[in-house]
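Chain by chain, the residues run as shown.
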Amino acid sequence: MTSSSDRSPAVDVHAPKSYEIRTYGCQMNVHDSERLAGLLEEAGYVRAPEGSDGDADVVVFNTCAVRENADNRLYGNLGRLAPKKASRPGMQIAVGGCLAQKDRDTIVRKAPWVDVVFGTHNIGKLPVLLERARVQEEAQVEIAESLEAFPSTLPTRRESAYAAWVSISVGCNNTCTFCIVPALRGKEKDRRPGEILAEVEALVAEGVSEITLLGQNVNAYGSDIGDREAFSKLLRACGRIEGLERVRFTSPHPRDFTDDVIAAMAETPNVMPQLHMPLQSGSDTVLKAMRRSYRQSRYLDIIRKVREAIPHAAITTDIIVGFPGETEEDFEETLHVVREARFAQAFTFQYSKRPGTPAATMENQIPKEVVQERYMRLVALQEEISWEENKKQVGRTLELMVAEGEGRKDDATHRLSGRAADNRLVHFTKPDQEVRPGDVVTVEVTYAAPHHLLAEGPVLDVRRTRAGDAWEKRNAEKAAKPAGVLLGLPKIGVPAPLPAATSGCGCD
């Protein structure tokens, strides 16, 4: 007879299956993961408990393919899950995103314990593929060659009650030599303006007060529907939505950035005085090798026009150091643009080969030690400029949207954190009255560091908002349910909150 102590724990066969999503890469992947979470929850799955670390019934990897070691990272993570899967009957592993689109059958060959591989064009198929893999007891590899359904038509589990991504297009028509995204996400496809605005209005009705319009190249929006001014019109239309307090967008391309967009930004009160404008290089020679289709003078002219129209705009950028063939003179041109543009922040990348891109096979690859030395000089210069620009904010009175999870030291310092209109991060003294994420506070800046500001005096005003109500309602609902776990998202602009956006891969 077997004693009760020898028996295996009883399994509740009726309990809903749990899921965990691990996300790598750019904002598109972050937003896709919100869709994947929505799809799984609609299919009856529940988010795995905090700290499950691979103990969920379904673990989904939403991958990025633009880094040289992206595949090594994926297979390392899959390898660590193999023994867990072997000891847990019924557990499933799925791999999606850009690396899945690129590698396809290679994934199940290298990691035969993977159950599902799906691409960037058919994320809506994940629940069906999981069920098919379970019934047929074999891996399901399904990679669509073109978009099956626009992602925004799929269910979504958004990470923020007060801020949201709204996708306006997918894909990209550019052919930058360092970027594999167009090959994996396809040509640009635009949503109809009415669909976008309907989604924004629905979000505002739910309590969202800040939206970020998202696309691989947002200001090319309209090329697919035959209207070159469609993006500026979209910004102005967002300005007419009652209850929408903040509108941002990412990422534009200098080639397509036109004067009507600058005018729309300046003349639409809820479009924030912030611009993320990828530079990549300040050298005309390197820009040509990158197939960037603009030159230094064009870029600096855009920056000048934006500053003339919106004097307090905070401008951020992406820069790649050490692109094949980059000379010291080329690099000095990049430093020149950084000095002239005076970016609030720059997201800097050391060039690394992206398999499948033309740049990966170019001659004159730059030695690692040279790239590192240039990178350190660039970072030092930008740190100096960021600090100088932040010091100009001292003494200003700013309205902040209170953020959740931005200040890592907030508990220890008894502060809260928020984002100013220009997206600068500000830590402020916690007031006596309750302040919720999504609410708006007015503070005076007293101190500046390179990457944040402090408001050490008392809060001047607190405005409770519908967004704060929405946050409070969501948290009350969470408290009534089993504890959940956040998606494993990178800190590159995902709500909540919305920090300064970057491509995360220098693709824009």
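Residues numbered from 1 in each chain as written. Predicted model: local features only at pLDDT ≥ 70, side-chain atom pairs only at ≥ 80, totals over all residues. Heavy atoms only, no water.

Trainee: I keep staring at the overall build of the protein and nothing clicks. Help me out?
Mentor: Looking only at helices and strands, the protein features 15 helices and 21 strands. Buried positions account for 58% of the 508 residues belonging to the protein. Accessible surface, the protein as shown: approximately 21,600 Å² in total, 50% of it carbon and sulfur. (Helix = DSSP H or I, 4+ residues; strand = E, 2+ residues; numbered from the N terminus. Buried < 20%, exposed > 50% of the residue type's maximum accessible area, 1.4 Å probe, protein only. Areas by Shrake-Rupley, 256 points an atom, 1.4 Å probe, with all protein chains shown as cover.)

Trainee: Can you walk me through the packing of helix 8 (residues 230-238) against helix 9 (residues 259-267) in this structure?
Mentor: To describe two helices that pack against each other, one gives the angle between their axes and the distance between the axes. One can describe the packing of helix 8 onto helix 9 by two numbers: an axis separation of 8 Å at closest approach and a directional angle of 5°. Judged on the interaxial angle alone, helix 9 and helix 8 are roughly parallel. Across the interface between the two elements, Phe231, Ser232, Leu235 and Arg236 from helix 8 touch Asp260, Val261, Ala263, Ala264, Met265 and Glu267 from helix 9. (Axes fitted to C-alpha atoms, helices over the stretch in contact; angles between N-to-C directions. Parallel < 35°, antiparallel > 145°, perpendicular 65-115°, else oblique. Contact = heavy atoms within 4.5 Å.)

Trainee: Just to check I follow, could you spell out the pattern of salt bridges for this structure?
Mentor: If the charged atoms of two oppositely charged side chains come close together, the side chains can form a pair. Enumeration according to the criterion identifies 35 salt bridges in this entry. Between Arg464 and Glu434 there is a salt bridge; the shortest N-O distance is 3.4 Å. With a gap of 30 residues between them, Arg464 in the loop between strand 21 (461-463) and helix 15 (466-479) and Glu434 in the loop between strand 17 (425-429) and strand 18 (440-444) connect regions that are remote in the sequence. When its relative accessible area of 44% is taken as the criterion, Arg464 is described as partly exposed. When salt bridges with common partners are traced through the structure, they connect Glu326, Glu328, Glu332, Glu373, Arg374 and Arg377 into a single cluster. (Salt bridge = Lys/Arg side-chain N within 4 Å of Asp/Glu carboxyl O.)

Trainee: Looking at this structure, I do not really get the sheet that holds strand 15 (residues 397-402). What am I missing?
Mentor: Strand pairing within a sheet occurs via backbone hydrogen bonds; the two strands may be parallel or antiparallel. Taken together, 7 strands build an open sheet; the order of strands is 19-20-17-16-15-18-21 and the sheet is mixed. Lying at the two open borders of the sheet, with one neighbouring strand each, are strand 19 (447-448) and strand 21. Where strand 16 (residues 415-419) and strand 17 come together, 5 bridges link them in antiparallel fashion. Paired with Gly418 across the bridge in strand 17 is Val426. (Pairing = 2+ DSSP bridges.)

Trainee: Quick question: what am I supposed to make of unusual backbone geometry here?
Mentor: With an omega dihedral of -10°, the bond running from Thr250 to Ser251 counts as a cis peptide bond. Mapped onto the secondary structure, Ser251 falls in the loop between strand 11 (246-250) and helix 9. One non-glycine residue, Glu137, lies in positive phi territory at about 55°. Along the chain, Glu137 falls in the loop between helix 5 (126-136) and strand 6 (140-142).

Trainee: Is there a simple way to explain empty space enclosed by the protein in this structure?
Mentor: Left-over empty space is what a probe sized like a water molecule reveals as it rolls over the atoms. One pass over the structure, following the stated rule, counts 7 cavities of 30 Å³ or more. Taken as a whole, the largest cavity holds about 130 Å³ of empty space. Residue lining of the largest cavity: 15 residues in total, with Ala344, Gln345, Asn423, Arg424 and Leu425 positioned closest to the centre. Tallied by class, the residues present in the lining of the largest cavity amount to 5 nonpolar, 7 polar and 3 charged. (1 Å grid on protein atoms, 1.4 Å probe; cavity = no way out; pocket = protein on both sides within 12 Å on 5 of 7 lines; lining within 4 Å. Points joined across faces, edges and corners; volume = space filled by probe spheres on them. Nonpolar A, V, L, I, M, F, W, Y, C, P; charged D, E, K, R; others polar.)

Trainee: What exactly am I supposed to notice about helix 12 (residues 328-341) here?
Mentor: Residues spaced three or four apart along an α-helix point in a common direction, a consequence of the helix completing one turn every 3.6 residues. With 14 residues, helix 12 should cover 20 Å at 1.5 Å per step; its first-to-last C-alpha distance of 20 Å lies within 8% of that length. Every buried residue belonging to helix 12 is among Asp330, Phe331, Thr334, Leu335, Val337, Val338 and Ala341, and all of these are buried. The buried residues of helix 12 occupy an angular sector of 155° when projected down its axis, which confines them to one face. Tucked inside the fold, the buried residues of helix 12 contact helix 10 (284-290), helix 11 (296-309), strand 13 (314-321) and helix 13 (368-391). Backbone geometry just after helix 12 places Arg342 at a positive phi near 50°. (Expected span 1.5 Å × (residues − 1). Arc of directions from axis to C-beta.)

Trainee: Help me out: how do you make sense of the nonpolar core in this one?
Mentor: Formed by 57 residues in total, the largest nonpolar core has its most connected members in Leu213, Leu235 and Phe257. If you tally residues by element for this core, the top one is helix 8, at 6 residues. Those residues in contact with Leu213 that lie beyond four places of it in its chain are Val166, Ile168, Ile196, Val218, Phe231, Leu234, Leu235, Cys238, Val247, Arg248, Phe249 and Thr250. Residues Ala65, Ile93, Ala100 and Val108 belong to the second largest nonpolar core, which totals 25 residues. (Core = buried A, V, L, I, M, F, W, Y, C linked by side-chain atoms within 4.5 Å.)

Trainee: In this structure, what is going on with the packing of aromatic side chains? I would like to understand it.
Mentor: A ring pair, where both rings are aromatic, is described by two values, the distance of the centres and the angle of the planes. In total, this model carries 4 aromatic pairs according to the counting rule given. Between Tyr299 and Phe343, the ring centres sit 6.4 Å apart and the planes meet at 65°, which makes this aromatic pair edge-to-face. Placement of Tyr299 in helix 11 and of Phe343 in the loop between helix 12 and strand 14 (345-350) is noted, with a sequence separation of 44 residues between them. Tyr299 sits in the buried class, given a relative accessible area of 1%. Judged by its relative accessible area of 0%, Phe343 falls in the buried class. Ring centres of Phe323 and Tyr351 lie 5.5 Å apart, and the angle between their planes is 70°; this geometry places the pair in the edge-to-face category. Of this pair, Phe323 sits in the loop between strand 13 and helix 12 while Tyr351 sits in the loop between strand 14 and helix 13; the two residues are 28 residues apart in sequence, bridging distant segments of the chain. (Phe/Tyr/Trp six-rings, centres within 6.5 Å; stacked < 30°, edge-to-face > 60°.)

Trainee: Can you help me understand the sheet that holds strand 13 in this one?
Mentor: The strand order across the open sheet built from 3 strands is 12-13-14, with neighbouring strands paired in parallel fashion. The sheet is open, and its two edges are formed by strand 12 (274-276) and strand 14, each paired on a single side. Taking each pair of neighbouring strands and ignoring which way they run, the sheet shows an average axis angle of 10°. Where strand 12 and strand 13 come together, 3 bridges link them in parallel fashion. Paired with Leu275 across the bridge in strand 13 is Ile315. Each of strand 13 and strand 14 is contacted by helix 13, which is oriented at about 175° to strand 14, the strand it contacts most.

Trainee: Help me understand the side chain of Gln382, please; the structure alone is not making it clear to me.
Mentor: As for its placement among the helices and strands, Gln382 is situated in helix 13. Apart from residues lying up to four places away in sequence, Gln382 is in contact with Val338, Phe343, Ala344, Gln345 and Ala346.

Trainee: Could you clarify how one ought to interpret the pairing of strand 1 (residues 18-23) in this entry?
Mentor: The element strand 1 is extensively covered by neighbouring structure, given that 6 of its 6 residues are classed as buried. Handedness of the strand 1-helix 1 (residues 27-42)-strand 2 (residues 46-47) crossover: right-handed. Pairing between strand 1 and strand 3 (residues 58-63): 5 bridges, direction parallel. Directly across from Tyr19, in strand 3, lies its bridge partner Val58. (Right-handed = clockwise from strand over helix to strand, strands pointing away.)

Trainee: Would you mind going over the packing of helix 12 against helix 13 with me for this structure?
Mentor: One way to put it is that helix 12 packs onto helix 13 with a least axis distance of 10 Å and a crossing angle of 10°. In terms of axis orientation, helix 12 runs roughly parallel to helix 13. Where helix 12 approaches helix 13, its residues Glu328, Phe331, Glu332, Leu335, Val338 and Arg339 are matched on the opposing element by Arg374, Arg377, Leu378, Leu381, Gln382 and Ile385.

Keep in mind these numbers describe shape, not what the thing actually does.
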